[in-house]
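Topology and contacts: notes
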Amino acid sequence: MTVDISELVDLRSHRPEAIAEAAARRIRRPLLNTSGRLMIIAADHPARGALAAGGRSMAMANRADLLERLCLALSRPGVDGVLATADILDDLLLLGALDDKVVLGSMNRGGLQGARFELDDRFTGHRPEDIERLGFDAGKLLLRIDYDDPGSLTTLESTARAIDDMAARRLPVFVEPFLSHRTPEGKVRNDLSAEAVTKSIAIASGLGGSSAYTWLKVPVTENPDDMAEVMATSTLPAVLLGGEVGGSAEEQAGAYEKWRGALRLPTVRGLVVGRSLLYPADGDVAGAVDTAVGLL
């Protein structure tokens, strides 16, 4: 698909109600199909000021290019849906790309990449009521916890209340937890050791007044062999996140192998991957997506 930005802008300018109309007529499907697996393409990075991908610092800054890559990825067999913020999902609704797809609204994007307040990650994206009103299928939130940063407590509390609000609407929410720390230069780094990922899962699993609609979105640990023990921490269903994958073909292949092993674990139900599939080292979006689907 070639995206005509002028057409999108004309619709947004003259008929903003077209977005709600497209949402109302969207063909929906269950969260899980008969296979019980999920393959979701993630594209909520730009709203947090994280535009780098595939070794290019501003790769995701070209919206037409991003939308074309998303439409291609969503058209591939075995791709179940997309995770994104309102601006991107609104564009995809107008493009008619979300029929029979699972749609996840990204909820907290206030912890801007590189900001002093990065770990006070406020809910500046989709609210539970927005996800319900638009007929979307689930929400996703990011929970980074730094024991030395008071901003993490604000995020922790608001995450619990968001889980409550989603459960009250019987809407699934995917919680992406990390134990994090700041480097001497002030950059936030996520700890992917087995102990840290285990603790983050234990903390996230206990948030809110009900875990009935809570899913986990977890990274593969530094040592992939640790994943079986780590994932034994909770009975909540989980998906693997893609994370940052280097720009070389070898690094991409290494990521596939990490995902392959973890996908065999009983609580792991699928993948939520973005930049490494939308901006693969060889430029072949369809090939990268098809390889990831094949791991399921």
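Refer to the structure presented above.
The model shown is predicted, which means the values in this text are computed figures rather than measured ones.

Topic: helix α4 (residues 86-94)
Most of α4 is tucked away, with seven of its nine residues classed as buried. Those residues of α4 that fall on the buried side of the exposure criterion are I88, L89, D90, D91, L92, L93 and L94. Close packing links the buried residues of α4 with α1 (5-14), α2 (17-25), α3 (63-75), β2 (81-84) and β3 (102-106). Just downstream of α4 lies G96, where phi reads positive at about 70°.

As for the pairing of strand β6 (residues 188-191)
Residues in a regular strand project their side chains so that they alternate between the two faces of the sheet. Of the pairings in the sheet, the one linking strand β5 (residues 173-182) to β6 comprises four bridges and is antiparallel in character. Among the inter-strand pairings, H181 is bridged to a residue of β6, identified as R189. Counting the residues in the hairpin turn of β5 and β6 gives five residues, including G186, whose phi is positive at 95°.

Regarding the packing of α3 against helix α11 (residues 285-295)
Taken N-terminus to C-terminus, the directions of α3 and α11 make an angle of 40°; their axes are 9 Å apart at the nearest point. Accordingly, the angle class assigned to the pair α3 and α11 is oblique. Here the hand of the crossing between α3 and α11 comes out right-handed. Contacts from R69, L72 and A73 in α3 reach V285, A286 and V289 in α11. Class assignment for the residues of the contact of α3 with α11 results in five nonpolar, no polar and one charged.

Re the layout of surface pockets
When its volume is computed, the largest pocket comes out at roughly 1,000 Å³. Taken together, 39 residues line the largest pocket, and the ones lying closest to its centre are N190, L241, G243, E244 and R275. Where the lining of the largest pocket is concerned, the elements lending two or more residues are β4 (138-145), β5, β6, α9 (249-262), β9 (268-273) and α10 (275-278). In terms of residue count, the dominant contributor to the lining of the largest pocket is α9 (four residues).

What about the nonpolar core?
L92, L240 and W259 are the most contacted members of the largest nonpolar core, which totals 77 residues. Leave out the neighbours within four places in its chain, and L240 touches V218, V220, M227, W259, A262, L263, V268, G270, L271 and V272. Within the second largest apolar cluster, 12 residues are counted, among which are L38, I40, L104 and V272.

Parameters and conventions
- In this numbering scheme, every chain counts its residues from 1 along its sequence in written order.
- Whole-chain, interface and lining totals are the exception, using all residues; otherwise, since this is a predicted model, local features are given only for residues with pLDDT of at least 70 and side-chain atom pairs are given and counted only at 80 or more.
- Only hydrogens and water are removed before side-chain values are computed, so all heavy atoms of the structure are retained for them.
- Between buried and exposed lies partly exposed: a residue is buried under 20% and exposed over 50% of the maximum accessible area for its type, with that area taken using a 1.4 Å probe on protein chains only.
- Helix numbers and strand numbers start at the N terminus; a helix is a DSSP run of H or I with at least 4 residues, a strand a run of E with at least 2.
- By definition, residues are in contact when any of their heavy atoms lie within 4.5 Å.
- Between any two strands, at least two bridges found by DSSP are needed for them to pair.
- In this analysis, axes come from line fits to C-alpha atoms, helices being fitted only over the stretch in contact, and the angle between any two N-to-C directions falls in the range 0 to 180 degrees.
- Under this scheme an angle from 65 to 115 degrees is roughly perpendicular, one under 35 degrees roughly parallel, and one over 145 degrees roughly antiparallel; angles in between are oblique.
- Left-handed describes a crossing whose near helix is turned anticlockwise from the far helix through less than a right angle; right-handed describes the clockwise counterpart.
- Residues are sorted three ways: Asp, Glu, Lys and Arg are charged, Ala, Val, Leu, Ile, Met, Phe, Trp, Tyr, Cys and Pro are nonpolar, and all the rest, Gly among them, are polar.
- Both site types are read off a 1 Å grid over the protein atoms alone. A 1.4 Å probe that fits but cannot get out defines a cavity, while an open set with protein on both sides within 12 Å along at least five of seven lines defines a pocket; lining residues have an atom within 4 Å of a point.
- Grid points are joined across faces, edges and corners, and a volume is the space filled by probe spheres set on the points.
- Remark: nonpolar core denotes a set of buried residues (Ala, Val, Leu, Ile, Met, Phe, Trp, Tyr, Cys) joined through side-chain atoms within 4.5 Å.

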